[in-house]
Amino acid sequence: MSGNADFAEIFEEELKSSSVGLLNGKTTRASSGINYGVGIRLMAGTNVVYVYTCDKSEEALIKLAKEASAALKGGKSADIKNLEALSKSSPSILNIDPLTVSKKQNIDFLREASDYAMNYDELITQAAASYSTSNRVIHIVNSLGFNKEESQTRIRISVEAVASKGNEKQTGRIAPGTMRGYEFINEYPIIDKTRDCCETAIRMINAGYAPSGKMPVVIGNGFGGVIFHEACGHALESTAVGIKASCFTDKLGQRIASDVVSARDNARIEGEWGSYFTDDTGRESSDLQLIENGICKNYLVDDLGARRMGCEPTGCGRRQDFTYAPTSRMSNTYIENGKDDPKDIIADTEYGLYCSKMGGGSVDTATGEFNFAAEEAFMIRNGKIAEPVRGATLIGKGQEILLNIDRVGNDLELAAGMCGSISGGVPVTVGQPTIRVSSILVGGREA
Amino acid sequence: MDIEFQKKYIKDLIDKAIEYGFEEAEACFMSSSSMEINILNGEVSSYENSTMQGVGFRGKKNGQMGGSFTSSPDEDGMNFMLKTAMENCEVLDDEDEEFIYCDPDHAHLESIQLSGTYDKNTYDKFASVGLKLEKDILALSPLIKAVDYLSVSCGTGPSVSVNSKGLYSYKDSDYISIFAEARAEKDGVVKTGGHYWFGNDIDKFDHDKFLSKLQKKLLSKFGGSSVESGEYKVIFDSEAFVSLLSTFMSNFSSYSMQKGLSLLAGKEGEVIASDLFTMREEPMYDKALLKFPFDSEGVLTKSKALIDKGVFVKALYNLKTAHKAGTESTGNGFKGAFSAPVGVGITNVVITPGEKDFDALCKWIKDGIYLTELNGLHAGVNKISGDFSLFCEGFLIKDGKISRPVEQITVADNFYDVLKKIIATGSDTIAVPEGKGEYFCPSVVISKMNISGDLEEEGEA
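Keep in mind the model is a prediction, meaning the values are calculated, not measured.

Our next topic: the pairing of strand β8 (residues 189–199) of chain B. Residues and elements named next belong to chain B. As judged from the 11 bridges shared by strand β7 (residues 168–186) and β8, these two strands associate in the antiparallel manner. Looking at the pairing, Ser-177 lines up with Phe-198 of β8. With antiparallel pairing between neighbouring strands as the criterion, β7 and β8 make up a hairpin whose turn holds 2 residues, including Asp-187 at a positive phi of roughly 50°.

Right, let's talk about the nonpolar core for a bit. Membership of the largest hydrophobic core comes to 53 residues, with the highest contact counts inside it found for Phe-236, Phe-252, Met-279 and Leu-374 of chain B. Counting residues per element, this core draws most heavily on helix α5 (residues 238–247) of chain B, at 5 residues. In this structure Phe-252 of chain B touches Met-257, Leu-264, Ile-272, Met-279, Ile-307, Phe-312, Ala-315, Leu-316 and Phe-415 of chain B, once residues within four positions along its chain are discounted. Counting residues in hydrophobic clusters, the runner-up holds 51 residues, among them Ile-256, Tyr-276, Val-408 and Ile-435 of chain A.

What follows covers the confidence of the model for chain B. When the pLDDT values of chain B are averaged, the result is 94; 98% of them are 70 or greater. ipTM for the predicted complex: 0.83, alongside a pTM of 0.88.

As enumerated under the stated definition, the model contains 0 disulfides over all chains in all. Cys-311 of chain A takes part in no disulfide bond, and the closest cysteine sulfur to it belongs to Cys-316 of chain A, at a distance of 9.7 Å. By relative accessible area, which is 32% here, Cys-311 of chain A ends up partly exposed. This cysteine, Cys-28 of chain B, is not joined by any disulfide, and Cys-54 of chain A carries the nearest cysteine sulfur, 13 Å off.

Further remarks concern the side chain of Ser-212 of chain A. For Ser-212 of chain A, the location among the structural elements is in the loop between β9 (208–209) and β10 (213–219). A distance of 3.4 Å separates the side chain of Ser-212 of chain A from the side chain of Ser-452 of chain B, its partner in a polar contact.

Once that is clear, we can look at the packing of aromatic side chains. Using the criterion set out here, one finds 28 aromatic pairs over all chains in the structure. For the ring pair Phe-236 of chain B and Phe-241 of chain B, a centre distance of 5.5 Å and an interplane angle of 70° mean the geometry is edge-to-face. Phe-241 of chain B matches Phe-236 of chain B in its accessibility class, with the two residues each being buried. An aromatic cluster is built from Phe-248, Phe-388, Phe-415 and Tyr-416 of chain B, whose rings are joined through pairwise contacts. One cation-aromatic arrangement involves Arg-268 of chain A over Phe-277 of chain A; the distance from NZ or CZ to the ring centre is 4.7 Å. Lying across the ring of Trp-364 of chain B, Lys-356 of chain B places its NZ or CZ 4.8 Å from the centre.

Below, the discussion takes up the packing of helix α3 (residues 123–138) of chain B against helix α4 (residues 207–219) of chain B. Residues and elements named next belong to chain B. Contact pair α3 / α4: the axes reach a minimum separation of 10 Å and the direction vectors enclose 40°. With respect to each other, α3 and α4 are oriented oblique. Here α3 runs over α4; the crossing is right-handed. Of the residues in α4, those touching α3 at Lys-132, Leu-133, Asp-136 and Ile-137 are His-207, Phe-210, Leu-211 and Leu-214. Looking at side-chain class alone, the contact of α3 with α4 contains 5 nonpolar, 1 polar and 2 charged residues.

A common measure of how large an interface is: the accessible area buried when the components associate. Contact residues are listed per partner, giving 64 residues for chain B and 68 residues for chain A. Across the interface of chain B and chain A, roughly 5400 Å² is buried in total on both sides, 52% from carbon and sulfur atoms. Interface area lost by chain B to chain A is led by Tyr-47, Phe-69 and Gln-408 of chain B, which between them contribute 10%. The tally of links between chain B and chain A comes to 3 salt bridges. For the salt bridge of Arg-390 of chain A with Asp-387 of chain B, the shortest nitrogen-to-oxygen distance reads 3.4 Å. Applying the counting rule to chain B against chain A returns 30 residue pairs in polar contact (both at pLDDT 80 or more).

Our next topic: the packing of helix α2 (residues 103–118) of chain A against helix α4 (residues 190–205) of chain A. All names here are of chain A. Put simply, α2 and α4 touch, their axes get as near as 9 Å, and they point 40° apart. By the criterion of interaxial angle, the relationship of α2 to α4 is oblique. In the packing of α2 onto α4, the handedness of the crossing is right-handed. Within the contact between the two elements, α2 uses Phe-109, Glu-112, Ala-113, Tyr-116 and Ala-117 and α4 uses Ile-190, Ile-191, Thr-194, Arg-195 and Cys-198.

So, on to the sheet that holds strand β13 (residues 295–296) of chain A. Residue and element names in this part refer to chain A. What the 6 strands build is an open sheet, ordered β13-β12-β11-β16-β23-β22; its pairing is mixed. Strands with a single pairing partner mark the edges of an open sheet, and in this sheet they are β13 and β22 (413–421). Two strands pair when backbone bridges link them, and strand β12 (residues 287–292) and β13 are joined in this way by 2 bridges, in the antiparallel orientation. Across the sheet, Glu-292 pairs through a bridge with Ile-295, a residue of β13.

Next up on the list: empty space enclosed by the protein. Residues and elements named next belong to chain B. For the coordinates displayed, the defined rule picks out 5 cavities of 30 Å³ or more. Lining the largest cavity are 16 residues; nearest its centre among them are Cys-28, Ser-159, Ser-161, Ser-296 and Lys-335. Elements with a minimum of two residues in the lining of the largest cavity: β1 (24–40), β2 (43–61), β6 (159–163) and β7. Residue composition of the lining of the largest cavity, grouped by class: 6 nonpolar, 5 polar and 5 charged.

Across the 19 residues that make up β2 of chain B, a large majority, 16, are buried. By the bridge criterion, 6 bridges tie strand β3 (residues 47–53) of chain A to β2 of chain B in an arrangement that is parallel. Bridging across to β2 of chain B, Val-48 of chain A finds its partner in Ser-46 of chain B. Sheet topology places β1 of chain B next to β2 of chain B; 17 bridges connect them, and they run antiparallel.

So, about the sheet that holds strand β10 (residues 279–281) of chain B. Residue and element names in this part refer to chain B. Taken in spatial order, the 6 strands make up an open sheet running β12-β11-β10-β15-β21-β20, and their pairing is mixed. Looking at the sheet topology across the chains shown, the edges are occupied by β12 (311–312) and β20 (430–434). Alignment of strand β11 (residues 304–308) against β12, held across 2 bridges, turns out to be antiparallel. Within β12, the position partnered with Asp-308 by the bridge is Val-311.

Between side chains of opposite charge, a pair can form when the charged atoms approach closely. In the structure shown here, the tally under the stated rule is 51 salt bridges over all chains. Of the charged contacts, one joins Asp-6 of chain A and Arg-307 of chain A as a salt bridge, the two residues approaching to 2.8 Å between their closest N and O atoms. Placement of Asp-6 of chain A in the segment before β1 (7–23) and of Arg-307 of chain A in helix α7 (residues 303–309) is noted, with a sequence separation of 301 residues between them. Among the salt bridges present, the one from Glu-87 of chain B reaches Lys-83 of chain B, with a minimum N-O distance of 3.2 Å. Taken together, the residues span about one helical turn, with Glu-87 of chain B and Lys-83 of chain B both in helix α2 (residues 75–91) at a distance of 4 residues. You can call Glu-87 of chain B partly exposed: its relative accessible area is 35%.

Turning to a nonpolar patch on the surface, a few remarks are in order. Taken together, Ile-422 of chain A together with Tyr-149 and Phe-179 of chain B make up a surface patch of nonpolar side chains, about 250 Å² in accessible area. With respect to the helices, strands and loops of the structure, Phe-179 of chain B is situated in strand β7.

A separate point is α5 of chain B. Residue and element names in this part refer to chain B. The element α5 is largely enclosed, with a buried count of 9 among its 10 residues. What α5 keeps buried is the set Ser-238, Ala-240, Phe-241, Val-242, Ser-243, Leu-244, Leu-245, Ser-246 and Thr-247. The backbone nitrogen of Glu-239 lies 3.1 Å from a side-chain oxygen of the residue at the head of α5, namely Asp-237.

Calculation criteria
Residues numbered from 1 in each chain as written. Chains lettered and ligands numbered in written order. Predicted model: local features only at pLDDT ≥ 70, side-chain atom pairs only at ≥ 80, totals over all residues. Heavy atoms only, no water. Pairing = 2+ DSSP bridges. Helix = DSSP H or I, 4+ residues; strand = E, 2+ residues; numbered from the N terminus. Core = buried A, V, L, I, M, F, W, Y, C linked by side-chain atoms within 4.5 Å. Buried < 20%, exposed > 50% of the residue type's maximum accessible area, 1.4 Å probe, protein only. Contact = heavy atoms within 4.5 Å. pLDDT = per-residue confidence, 0-100. Disulfide = S-S within 2.5 Å. Polar contact = N/O pair within 3.5 Å; in protein donor to acceptor, adjacent residues only side chain to side chain. Phe/Tyr/Trp six-rings, centres within 6.5 Å; stacked < 30°, edge-to-face > 60°. Lys NZ or Arg CZ within 6 Å of the ring centre and 35° of its normal. Axes fitted to C-alpha atoms, helices over the stretch in contact; angles between N-to-C directions. Parallel < 35°, antiparallel > 145°, perpendicular 65-115°, else oblique. Left-handed = near helix turned anticlockwise from the far one by under 90°. Nonpolar A, V, L, I, M, F, W, Y, C, P; charged D, E, K, R; others polar. Buried area = accessible area lost by both parts, 1.4 Å probe. Salt bridge = Lys/Arg side-chain N within 4 Å of Asp/Glu carboxyl O. 1 Å grid on protein atoms, 1.4 Å probe; cavity = no way out; pocket = protein on both sides within 12 Å on 5 of 7 lines; lining within 4 Å. Points joined across faces, edges and corners; volume = space filled by probe spheres on them. Patch = residues over 30% accessible without salt bridge, like charges linked within 9 Å, V, L, I, M, F, W, Y side chains within 5 Å. Areas by Shrake-Rupley, 256 points an atom, 1.4 Å probe, with all protein chains shown as cover.

Shown next as structure tokens:
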């Protein structure tokens, strides 16, 4: 920390990974690898220097540190605290370490799903299945004396069924993820879930196009929470709020959602896909109330955001790997349970769209504008779920949609996903109960 | 980067792989260094510098190719790669054979495209370019409140491959990129707009041109509203058309076709687009910043039409997919990283331009929509069926002229239908960086597309 830095950090990471993939019953992909690297971060006020390498040699690391120090401008050096004793953490619950399970066993598991899908119906013409597991060990030491190590073991599987009819193809997919051990796989109802994929694909290939225009939209539980994640969660990150580039800047204590909406970001759920106990800057993670009865309660603040905003970090500094400097990110982010029975929400909707399964989407955090694709959707007519429709996109502004949520169900479910942002792709969980938005613009192909 | 060490390490790895029991083997050593600075509020807010390396290995045994990788090129790394690649061979039962290749006439391949100006890329130079750019963007208009993101970055690094059949290939290149996104506010309405520059000599960065493009992209967005839902004639801006085209480009890959994931399977030689549309892959295109004389499998690349006057000429093949189809590789076997397997990739793409410039196209269609941005391409598309429904931005064209911005609209259609509905391409080709190369694309006019908006009775369009 010679020179201008008032903060210095060394981040060391080793990632072991293994994956297999099946297509139509044949094992077409098997890969294994180890990635190792070190990142050094220096800060002077709100200026950051980040350098990284995968060269382990002491000579390379010292050269890197010198380059980092030389590039930092405008700070004043601070004291270096004595290093604490090493403390270790892990949010994974491992009865059976997945990296000790043979690839053959993983393939047998996937083959069950793949064979089931291929024999389900003559409309199903393709089945792809994959399994990947990784163990990520990070070690963070910094000038505040932090000396933390965290081990994160994850498993993710995916099954995709493709239905074909003439020139048309439609897919149904599942992609659960966990920080539990291989026991998760042993207990997973793979056949039921694969059947679900096949049914979605077949339903969508037989469906007509969604209508377009403004209408009430009921969004199903689980991955439906991706809208909250994109349209609201990102705009509560200090990456955007800290430079006043968010539509939710300076909104703490103010109403940003209707009073039926409460939401959290909880990184501390043991065994959950998006969890971590120690963030990538060595801070303890938190269970943070983001919105309570419509009122904005907290932002997601990393250490750089804290310097910009003059507040404490919330333990949400994350990065894909050592090739990225950390920034504020979400973990397990969800709308909390409300009081309504999901059946009543549908029954009380005379006409609208029911998005039972959401796909991905994107958002501009400055304007709040978002768009999302529905993977499976139905029309609601006279309070009943009617015909399936495909090709529906939901568009709007995050700050408006939150205020237009008028019903919240009591069937909260979480679902695994990957979130991309300026510090790379990180595992996150999204979630919500069934909700209704009184009006959203639906982009479909039928007028 | 010690290139001699890299060559020796992978040669030793191949020798050891044969001793280990692989019938054939190949290894590549990729390394890179990069630098990036970000500017915020008149300061260099962050600086990144990196050196990276990694080795990818693949070995063949009993007809199956097992892969592995490490970022630690030492003896332990070597042993790990051999052991796990062999384990992977044992569990694979892929019916399609993968090949290790060497053309004896082209066993030694080199592509060195270093600008010779990389040493200009210093912290001080980048900082001065970036700081001046931020200051001048803010000075463009009192409506511009902030430059939320501004980066100047560069990268370079060699990649060397050897295999047990005698191939040696070496490539190296360098690049610089500049990206800025600014935020403007007018009467409580916030708009963002970005622009980029891509090159390999920082002294060739055209500061004034960058400013005027960014200004146009951002400030022209104010005063917009939606449109009535319906069918409109559409002019795609080059960047917007490239974003759509590149999203569906994997459908031209034989890999997707053979896996049943592309509707173009079996359509080589058939009409799939308007006869006004020609699209070529030009790996060695003279205007392209990067040229690709050979692919990651050591096969020489070639100039070829993908679509010639509406006819789908030939798919993109690597050695594996070509063997399955009973044809030859088209030189499109690329791997994206040392850890990645060889897939099917595309380099530089050239769309044949037409005769009318943008103003003439507007006059010609008289009324319609000029689409400048498509959002949500990773989500709002069905890559297999070609269906898409996307949130987009642009302008209303009325009486042959741009009349006002349009917002809060979606465009929904099908990619294959769009290709057939092309009624003109403009003469206004620009280069758009995409994937590992660039797309050279003019404005593209579509006879009609479904646009959803929420204006009910304004009587526009």
